[in-house]
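Survey of secondary and tertiary structure
Residue strings, one per chain:
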Amino acid sequence: MPTDGVPRCDPSLSGIEAVSAAVLEMSRHLEVREVLRRITASARSLLGAEYAALGVPDDHGGFAQFVVDGVTDEQWKAIGPLPRQHGVLATMLHELTPTRLADVRQAPAFEGWPEAHPDMKDFLGMPIIDGTEILGAVFLANKEGGFTAHDEELLRILAAHAALALGNARLYERSRELTLAGERARIAHDLHDAVSQKLFSLRLTAKAAAKLVDRDPARARAELAEVARLAAEAADELRTVVVELRPAALDEDGLVATLASQVQVLDRAHSAVVRFATQGVRTLPPAQEAAVLRVAQEALHNALRHSGAANVDITLSGTPARGAVLRVADDGRGFDPDSVRRAGRHLGLVSMRDRAAAVGGRLSLESAPGKGTVIELEVPGA
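Rules and cut-offs
- Residues numbered from 1 in each chain as written.
- Predicted model: local features only at pLDDT ≥ 70, side-chain atom pairs only at ≥ 80, totals over all residues.
- Heavy atoms only, no water.
- Core = buried A, V, L, I, M, F, W, Y, C linked by side-chain atoms within 4.5 Å.
- Buried < 20%, exposed > 50% of the residue type's maximum accessible area, 1.4 Å probe, protein only.
- Helix = DSSP H or I, 4+ residues; strand = E, 2+ residues; numbered from the N terminus.
- Contact = heavy atoms within 4.5 Å.
- Pairing = 2+ DSSP bridges.
- Axes fitted to C-alpha atoms, helices over the stretch in contact; angles between N-to-C directions.

Some points on the nonpolar core
- Among the nonpolar cores identified, the biggest contains 34 residues, and Leu255, Val292, Val312, Ile314, Leu326 and Leu377 are the most heavily contacted of them.
- Of all the secondary structure elements, the ones that give two or more residues to this core are helix 8 (255-269), helix 9 (286-306), strand 7 (311-318), strand 8 (324-330), helix 11 (349-358), strand 9 (362-367) and strand 10 (373-379).
- In terms of residue count, helix 9 provides more of this core than any other element does, 10 residues in total.
- Ignoring sequence-local partners within four residues, the contact set of Leu255 consists of Leu250, Leu284, Glu289, Val292, Leu293 and Leu316.
- Counting residues in hydrophobic clusters, the runner-up holds 28 residues, among them Val35, Ala52, Val56 and Ala159.

Quick word on the environment of Gly70
- With respect to the element layout, Gly70 can be found in the loop between strand 2 (63-69) and helix 3 (73-79).
- Judged by relative accessible area, Gly70 falls into the partly exposed class, the value being 31%.
- As a C-alpha pair, Gly70 and Ala53 span 17 residues in sequence and 8.7 Å in three-dimensional space.
- Not counting residues within four places of it along the chain, the set of residues in contact with Gly70 comprises Arg44, Glu50, Tyr51 and Gln75.

Quick notes on the sheet that holds strand 9
- Sheet architecture is open: 5 strands sit in the order 6-7-8-10-9, paired in mixed fashion. The sheet terminates laterally at strand 6 (273-279) and strand 9, the two strands that pair on one side only. When strand polarity is set aside, the average angle formed by the axes of neighbouring strands in this sheet is 10°.
- One ladder, built from 6 bridges, connects strand 9 with strand 10; its direction is antiparallel. The residue bridging Ser364 from the neighbouring strand is Glu376, located in strand 10.
- Packed onto the sheet, helix 8 meets strand 6, strand 7 and strand 8 and runs at close to 165° relative to strand 6.

Brief notes about the sheet that holds strand 5 (residues 133-141)
- One open sheet holds the 5 strands; their spatial order is 2-1-5-4-3, and the pairing between them is antiparallel. The sheet terminates laterally at strand 2 and strand 3 (99-101), the two strands that pair on one side only. Sheet twist, expressed as the average angle between the axes of neighbouring strands with direction ignored, equals 15°.
- The pairing of strand 1 (residues 51-57) with strand 5 spans 5 bridges and is classified as antiparallel. Counterpart to Ala52 in the pairing with strand 5 is Leu140.
- Along the sheet face, helix 4 (residues 87-94) touches strand 1, strand 2, strand 3, strand 4 (123-130) and strand 5 and points at about 140° away from the line of strand 5.

What to know about unusual backbone geometry
- Even without glycine at this site, Asn142 takes up a positive phi of about 65°.
- Structurally, Asn142 is set in the loop between strand 5 and helix 5 (149-212).
- If you check the backbone angles, Arg322 has positive phi at about 70° while not being a glycine.
- With respect to the helices and strands, Arg322 occurs in the loop between strand 7 and strand 8.

This is the structure in structure tokens:
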């Protein structure tokens, strides 16, 4: 198994068998980014190319997403910003036909590449088409002996299946967005029913108490006691709504897939590198899964918004007792937990500890100025 986790096509397979193996590989995934990565890796492996890339255009002359295979992380960072839609890439994104070149550098549309870009010669590009819409294009470069008409036909078949896989992934993510939107609407309704009436009564009672302070202190004290009671009830009902909320994605995908998906989004959205690894995790009771997810979200928020970290690593491991251990570690600026506590700043730690305690778990924190932060949560199993 390659280190990137993408199975390579067996060199003994050829033609339709190899295409079938590649299609099955890229069809196992539903997140758009992962589908793009699998398409790119499968195309490179299927045709024996040194390099592969897949670009999905945006509406502003750039790329909404651009995935590469055969280039190391260090090389990719050295290359610099994502390419624009120009030169040979632009041709691929505006024509419905493939491009096969013996030397891409000799193409009339070729406009060069960044200094750190690897040298490429043989080139095969194929648009990924849904009807008449170009969803993107897959590019292959550098094959010993050059690309053939047979290679072009294999890539055409793969691109047709890639269009279906990419379309399904987009529908899946859209469905998830709609589910989350519906969940937000339900939460708003629950909050209104459970809390808003209490808050309205609390406001009226507080106004009445203010008017009675001078002329009837005893009655004002009674009204203030009622204010305290209503406030406590409102807080309890709000806590119930929040604590009992179970993210819809957990029910659909489970804890591991939900965490992995969120980490992928955060990794794309922030300059820090966010990584997720898991090992031996069994299905946990619903309350434990919700607690782990919420603690992970809070810890990630702190790391990405406040710590200045360049790297954030999340691990989720199973325990012999069928429980799980969540660990969120960053290499940020860190802090003195005692000083933060004395200053009355909590960084969400109270909420995280409450969530851990509510499911019989244990939360620990290690941090020091200049040493980064590690938050660890252990929860029991069934």
